[in-house]
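Structure at a glance
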Amino acid sequence: MKRYDIAVVGGGASGLTAAISAKRENASLSVCILERLPRVGKKLLVTGNGRCNLTNRNIDCSHFKGTCTKLYNMIKAFDVEAFFGTLGVICTADSEGRVYPKSNTASSVLDSLRLEVERLDIDMICDFCVKEIKSGYIICSDNDRISAESVILAGGGLSQSSLGSDGSILRLCKEMGVKVGKLTPALTAVKTEPDLVKALKGLRVQAEAKLFIDNKEIKSETGEIQFNEGILSGICIFNLSNYINDNDKAEIRLDLLPDMDKCSVIRLLSDIKAIRNNAALEDYLSGIFHKRIGNIILKQAASLQLTAPVSELSDKDLEGISRKIKELVFPVKGLQGFEKSQVTSGGVLISEIDEHLMSKKYRNVYFCGEMLDIIGICGGYNLTFAFSSGYAAGKNAARRKISRNDKN
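What counts and what doesn't
- Residues numbered from 1 in each chain as written.
- Predicted model: local features only at pLDDT ≥ 70, side-chain atom pairs only at ≥ 80, totals over all residues.
- Heavy atoms only, no water.
- Pairing = 2+ DSSP bridges.
- Helix = DSSP H or I, 4+ residues; strand = E, 2+ residues; numbered from the N terminus.
- Contact = heavy atoms within 4.5 Å.
- Axes fitted to C-alpha atoms, helices over the stretch in contact; angles between N-to-C directions.
- Buried < 20%, exposed > 50% of the residue type's maximum accessible area, 1.4 Å probe, protein only.
- Right-handed = clockwise from strand over helix to strand, strands pointing away.
- Core = buried A, V, L, I, M, F, W, Y, C linked by side-chain atoms within 4.5 Å.
- Phe/Tyr/Trp six-rings, centres within 6.5 Å; stacked < 30°, edge-to-face > 60°.
- Salt bridge = Lys/Arg side-chain N within 4 Å of Asp/Glu carboxyl O.
- Expected span 1.5 Å × (residues − 1).
- Arc of directions from axis to C-beta.

1. Some points on the sheet that holds strand E16 (residues 250-255)
Sheets are built from strands that pair by backbone hydrogen bonding, the pairs being arranged parallel or antiparallel. The antiparallel open sheet is built from six strands, whose spatial order is E12-E15-E14-E13-E16-E17. On the outer flanks of this sheet lie strand E12 (190-191) and strand E17 (328-331), each paired with one strand and no other. Contacts from helix H10 (residues 315-326) reach E16 and E17, with the element oriented near 115° to E16.

Right, here's the structure in full:
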């Protein structure tokens, strides 16, 4: 049985960063990474549509949700771009502040982390599926075991298990008596009534999406909405999904002309009525929206058949159409599952860790990344937390090891 000073469980973004941080803090420490898949960092390769959205230059506490938002100062203090600069990665940002490697490919990011792990002589032990952590920190798989003085748990959540984590380390934490918040899919598409989106399948529209729970507005996002088989998706919807729980009586209301108030919309509709007076109703809104979206609005709001002439629209019809344009309602019927979600909501609660990310129940056991109860919106925020918490956990574990040695 091989012995290490620090064992990192999980070879994703936070785990790789934790191992690098620990070894940089003290090069004399023996450090290993235990990864359940044949290779480390598989999930990193698909982030940002394969471009790897590393971080965002507009980091704010309001972009995160969960008990561990209390760690915001740690997030803000860590410079992701500077860290990757030390790995030889040049970064660039788009107009929204999203930061990518200049190569525009996620493989550059993973390669930089992997090369640094190799340079620092950190052992990468793949195909090591942790089944148990025994007292004295003996970490067991089905076929092997190692011992470590300190353990950093970076095993991730339940999302996209084929790319890395399957939630087994969080389940192990529960068995060890560590309190874990309810786990739900996050940053994922929202299910709705199939009949409402059937005619819209494949379309995209710019809108303001508002999430209502029990008729109370919870959150709004503006951007592109995508309609697919029984679901709403797009970055706006992904961000709103973070606030939806099981059994919520929720709905998403779309404002299809968010830059116009209701009175302005009615004036616009009156002007178009005059211009298209002799056209069929099905062509009435085609100058504003895709014809299929326009017809959904008209079917729900107007008293006429789509074959009727525009001239027959009444003032009451225009009022109803304007209301529907400003508030097209889609009831929430649940979320797409963990395999379709980008991250997992829930995790180890802030009450279980100290300011160094160390467990209050188990000395020298640390948590980082998606193991912790915090999620961010789309745009590099979740990777920011993964890198910052991984770096902090690795540094703190190494410093505690140094401190213990000094006392001895």
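This is not the end of the story, as more comes after the structure.
2. Topic: helix H9 (residues 291-301)
Where H9 is concerned, the buried positions are Ile293, Gly294, Asn295, Ile296, Ile297, Leu298 and Ala301. On its buried side, H9 packs onto helix H6 (194-197), strand E13 (204-213), strand E14 (216-228) and H10.

3. Quick word on the side chain of Ser345
With respect to the helices and strands, the residue Ser345 is situated in strand E18 (residues 343-345). With residues up to four places along the chain from it excluded, the contact list for Ser345 reads Lys65, Lys182, Leu183, Thr184, Ala186 and Ile375.

4. A word on the pairing of strand E1 (residues 2-9)
Here E1 lies mainly inside the structure; six of its eight residues are buried. For E1 and strand E10 (residues 145-153), the ladder comprises seven bridges, and the chain directions are parallel. Bridging from a neighbouring strand, Lys2 pairs with Ile146 of E10. The pairing of E1 with strand E2 (residues 31-34) spans four bridges and is classified as parallel. Pairing of Ile6 across the sheet is with Val31, part of E2. In this fold, E1 hands off to helix H1 (residues 13-25), which returns the chain to E2; that crossover is right-handed.

5. Some remarks on the nonpolar core
Within the largest apolar cluster, 84 residues are counted, with the highest numbers of intra-cluster contacts made by Phe84, Leu113, Ile139, Leu153, Phe367, Leu372 and Phe387. Ignoring anything within four residues of it in the chain, the contact list for Ile139 reads Ala7, Val9, Leu34, Phe128, Val130, Glu132, Ile133, Asp144, Arg145, Ile146 and Val151. By size, the runner-up hydrophobic cluster in this structure holds 45 residues, among which are Cys236, Leu306, Phe330 and Leu335.

6. Considerations on the packing of aromatic side chains
According to the stated counting rule, one finds seven aromatic pairs in the structure shown. Arranged with centres 5.7 Å apart and planes meeting at 50°, the rings of Phe78 and Phe83 form a pair that is tilted. A residue is classified by how much of its surface remains accessible, and Phe78, at 15% relative accessible area, is buried. On the numbers, 5.0 Å between centres and 35° between planes, the contact of Phe78 with Tyr391 is tilted. In this pair, Phe78 sits in the loop between helix H2 (72-77) and helix H3 (80-85) while Tyr391 sits in helix H11 (residues 381-407), placing the two residues 313 residues apart along the sequence.

7. Some words on the pairing of E14
Two strands pair when backbone bridges link them, and E13 and E14 are joined in this way by 10 bridges, in the antiparallel orientation. Following the sheet pairing, Ala207 is matched in E14 by Gly223. Here E13 hands over to E14 after two residues, with Asp214 in that stretch at a positive phi of 55°. In the sheet, E14 pairs with strand E15 (residues 231-233) via three bridges, with the strands oriented antiparallel. When the sheet's bridge partners are listed, Phe227 is paired in E15 with Leu232. Linkage of E14 to E15, two consecutive antiparallel strands, is achieved through a turn of two residues, within which Gly230 is found at a positive phi near 70°.

8. So, the pattern of salt bridges
Inspection of the entire model under this criterion finds 24 salt bridges. For Arg3, the salt bridge goes to Glu149, with nearest N and O atoms at 2.2 Å. Of this pair, Arg3 sits in strand E1 while Glu149 sits in strand E10, and the two are 146 residues apart along the sequence. Here Arg3 falls in the partly exposed class, since its relative accessible area comes to 45%. Glu118 serves as the salt-bridge partner of Arg114, at 3.3 Å between the closest nitrogen and oxygen. Placement of the pair is Arg114 and Glu118 together in helix H4 (residues 106-119), with a separation of four residues, close to one helical turn. The class of Glu118 is partly exposed, set by a relative accessible area of 43%. Three or more residues are tied together by salt bridges with common partners; here these are Arg3, Asp5 and Glu149.

9. Here's the deal with the sheet that holds strand E6 (residues 98-101)
The sheet built from three strands is open, its strands ordered E3-E6-E5 with antiparallel pairing. Lying at the two open borders of the sheet, with one neighbouring strand each, are strand E3 (55-56) and strand E5 (91-93). Direction of pairing for E3 relative to E6: antiparallel, over a ladder of two bridges. Bridge pairing in E6 links Thr55 to Val99.

10. Notes on H4
An ideal rise of 1.5 Å per residue puts 20 Å on 14 residues; H4 measures up with 20 Å between its terminal C-alpha atoms. Among the residues of H4, those classed as buried are Ala106, Val109, Leu110, Ser112, Leu113, Glu116 and Val117. The buried residues of H4 occupy one face: seen down the axis, they fall within an arc of 155°. In the stretch just after H4, Asp121 is the one whose phi turns positive, near 60°.

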